[in-house]
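Commentary on secondary and tertiary structure
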Amino acid sequence: MIGVVTLDEFIIQRQEEFQYAKGELSRLLRDIGLAAKIVNREVNKAGLVDILGTTGTTNVQGEDVKKLDVFANKRFIAALKLGGECCGIASEENEDLIIIQDEISKDAKYVVALDPLDGSSNIDVNVSVGTIFSIYRRVSSSGPCTLEDFLQKGSEQAAAGYIVYGSSTMLVYTTGFGVNGFTLDPSIGEFCLSHPDMCIPKAGKIYSINQGNFISFTEGVKEYVRYCKQEDKATNRPYSLRYIGSLVADVHRNLISGGIFIYPATKDAPRGKLRMLYECNPMSFIAEQAGGRATDGFRRILDIEQKELHQRTPIFIGSEEMVLKAEEFMKKYSS
Ligand code: P6P
């Protein structure tokens with residue numbers, strides 16, 4: 001295919017960006033790309049096979065586990081184990097670490113944090129869902145990976161990315177040298193470079209927030225939502241409210257069109273709902289690398305200490321000027 005750059009070719013071309021690159025991170029990213037194709041195949045035919053609905057169990061978050069959650073989790077774990085470049089996995093679906101100790105992986109340099117199927121409540125109604133991944137170099141010297149390998153700040157990530165299973169399936173990732181997007185071409189079974197050097201517009205006209213929680217928002221969030229709804233032609237307001245209920249889909253749309261996504265503290269989620277390790281940190285790394293901004297309303301997400309595996313945080317992420325404006329309200333109305 002003339003002019004088409006596949007994900008594998010791109011990863012190899014860009015490998016020289018990494019210090020002491022010996023190909024491990026490249027192979028790890030390719031392992032993730034393979035798992036994404038396998039999960040995509042099932043997501044695209046969910047409804048035709050017995051993979052919809054719930055398993056009747058709940059995960060560590062107390063959320064219903066969907067059959068496709070389990071399938072995606074197993075596929076990504078299997079691909080990472082087989083690839084040999086990862087010595088441990090932290091998954092939203094698993095309360096504890098998955099320590100990989102077999103011969104080919106025990107000395108691997110990387111660990112992976114994973115939300116194997118984010119937004120899974122949307123699967124049964126055919127709305128876009130996604131996978132989110134975050135890659136760290138291990139900090140433990142050798143032997144089994146440890147919790148400390150995962151309790152690193154988001155600023156220490158070696159790579160981060162997501163797959164959005166939508167009208168088309170895209171893989172978007174960064175290794176700290178910009179953000180690139182690849183669209184799956186089912187006719188050749190390859191992710192092909194379709195969105196080189198993605199840059200989020202500095203401002204946009206879309207805000208994404210679950211306004212159903214408005215009553216329990218803090219005053220700063222309420223005032224910012226009111227600001228978004230006010231009429232002011234000079235600043236393109238009122239903005240449009242777009243909320244899919246799937247973090248990957250909402251952030252991906254804003255990454256391309258401009259906008260802000262907010263999941264603030266609520267009565268039911270006083271520390272925010274979204275998890276730092278495998279949702280907020282990777283999405284924030286990508287947003288910043290694309291020229292956007294990501295904070296908890298006050299602090300840069302990537303600077304927040306990670307103290308526990310499934311730690312949650314409020315998140316304001318997207319176009320830089322919009323996040324800064326929201327932070328003004330948070331500061332002005334913070335008690
Ligand atoms: P709510 C999906 O369950 C998820 O983890 C994110 O993908 C999404 O942004 C958020 O929760 C939606 O939460 O409370 O608005 O339904």
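This text goes with the structure placed above it.
Reading the values: the criteria
- Residues numbered from 1 in each chain as written.
- Predicted model: local features only at pLDDT ≥ 70, side-chain atom pairs only at ≥ 80, totals over all residues.
- Heavy atoms only, no water.
- Helix = DSSP H or I, 4+ residues; strand = E, 2+ residues; numbered from the N terminus.
- Buried < 20%, exposed > 50% of the residue type's maximum accessible area, 1.4 Å probe, protein only.
- Contact = heavy atoms within 4.5 Å.
- Near = heavy atom within 4 Å.
- Polar contact = N/O pair within 3.5 Å; in protein donor to acceptor, adjacent residues only side chain to side chain.
- Areas by Shrake-Rupley, 256 points an atom, 1.4 Å probe, with all protein chains shown as cover.
- Nonpolar A, V, L, I, M, F, W, Y, C, P; charged D, E, K, R; others polar.
- Phe/Tyr/Trp six-rings, centres within 6.5 Å; stacked < 30°, edge-to-face > 60°.
- Lys NZ or Arg CZ within 6 Å of the ring centre and 35° of its normal.
- Pairing = 2+ DSSP bridges.
- Patch = residues over 30% accessible without salt bridge, like charges linked within 9 Å, V, L, I, M, F, W, Y side chains within 5 Å.
- Salt bridge = Lys/Arg side-chain N within 4 Å of Asp/Glu carboxyl O.

Let's talk about the overall build of the protein
- Across its full length, the protein carries seven helices and 15 strands.
- Seen through its principal axes, the protein has C-alpha atoms that stretch 60 × 45 × 45 Å.
- Counting over 335 residues, the protein shows a buried share of 53%.
- A fraction of 63% describes how many contacts in the protein between residues 6 or more apart in sequence connect residues 24 or more apart.

Considering the site of the ligand
- Near the ligand, the surroundings consist of Asp 118, Gly 119, Asn 210, Tyr 243, Gly 245, Ser 246, Leu 247, Phe 261, Tyr 263, Lys 273, Leu 274 and Glu 279.
- For the ligand, an oxygen atom lies 2.6 Å from a polar atom in the side chain of Tyr 243.
- Here an oxygen atom of the ligand and a side-chain polar atom of Tyr 263 are 2.6 Å apart.
- Isolated, the ligand exposes 400 Å² of accessible area, and the fraction of that covered by the protein chains is 81%.
- Here the shell around the ligand is built from residues that sort into five nonpolar, four polar and three charged.

A word on the packing of aromatic side chains
- In the structure shown here, the tally under the stated rule is 10 aromatic pairs.
- For the ring pair Tyr 224 and Tyr 227, a centre distance of 5.9 Å and an interplane angle of 25° mean the geometry is stacked. Residue Tyr 224 and its partner Tyr 227 are both found in helix α4 (residues 219-229); the two are separated by three residues, about one turn of the helix. One exposure class covers both Tyr 224 and Tyr 227, and it is buried.
- An aromatic cluster is present here, built from Tyr 224, Tyr 227, Tyr 239, Phe 329 and Tyr 333 joined pairwise through their rings.
- Sitting over the ring of Phe 71, Arg 75 keeps its end group 5.5 Å from the ring centre.

Some thoughts on the pairing of strand β7 (residues 159-165)
- The buried fraction of β7 amounts to seven of the seven residues, a majority that puts the element mostly inside the structure.
- Burial along β7 is two-sided: Ala 159, Gly 161, Ile 163 and Tyr 165 and Ala 160, Tyr 162 and Val 164, pointing in opposite directions, are all buried.
- Bridging between strand β6 (residues 129-137) and β7 involves seven bridges; their strand directions are antiparallel. Its bridge partner being in β7, Val 129 is matched across the sheet by Tyr 165.
- Hairpin connection from β7 to strand β8 (residues 169-174): three residues lie between these consecutive antiparallel strands.

Some remarks on the side chain of Thr 295
- Along the chain, Thr 295 falls in strand β14 (residues 293-295).
- On the accessibility criterion, Thr 295 (1% relative accessible area) is buried.
- Among residues more than four places away in sequence, those in contact with Thr 295 are Arg 300, Ile 301, Pro 314, Ile 315, Phe 316, Val 323 and Glu 327.

Some details on a nonpolar patch on the surface
- On the surface, a cluster of nonpolar side chains totalling about 210 Å² of accessible area is made up of Val 125, Val 127 and Ile 244.
- Turning to its location among the elements, Val 127 is positioned in the loop between β5 (110-118) and β6.
- Given the relative accessible area of 30%, Val 127 is considered partly exposed.

Things to note about the pattern of salt bridges
- In this structure the tally under the stated criterion is 21 salt bridges.
- Residues Glu 305 and Lys 153 are paired through a salt bridge, measuring 3.8 Å at the closest nitrogen-oxygen approach. Linking Glu 305 in the loop between β14 and β15 (315-318) with Lys 153 in the loop between β6 and β7, this pair joins segments that are 152 residues apart in sequence.
- On the accessibility criterion, Glu 305 (41% relative accessible area) is partly exposed.
- Within the structure, one salt-bridge network assembled from shared partners comprises Glu 92, Arg 275 and Glu 279.

A few points about the pairing of strand β10 (residues 190-195)
- Pairing geometry for strand β9 (residues 179-185) and β10, over five bridges, is antiparallel. Residue pairing for β10: Phe 182 is matched across the bridge by Leu 193.

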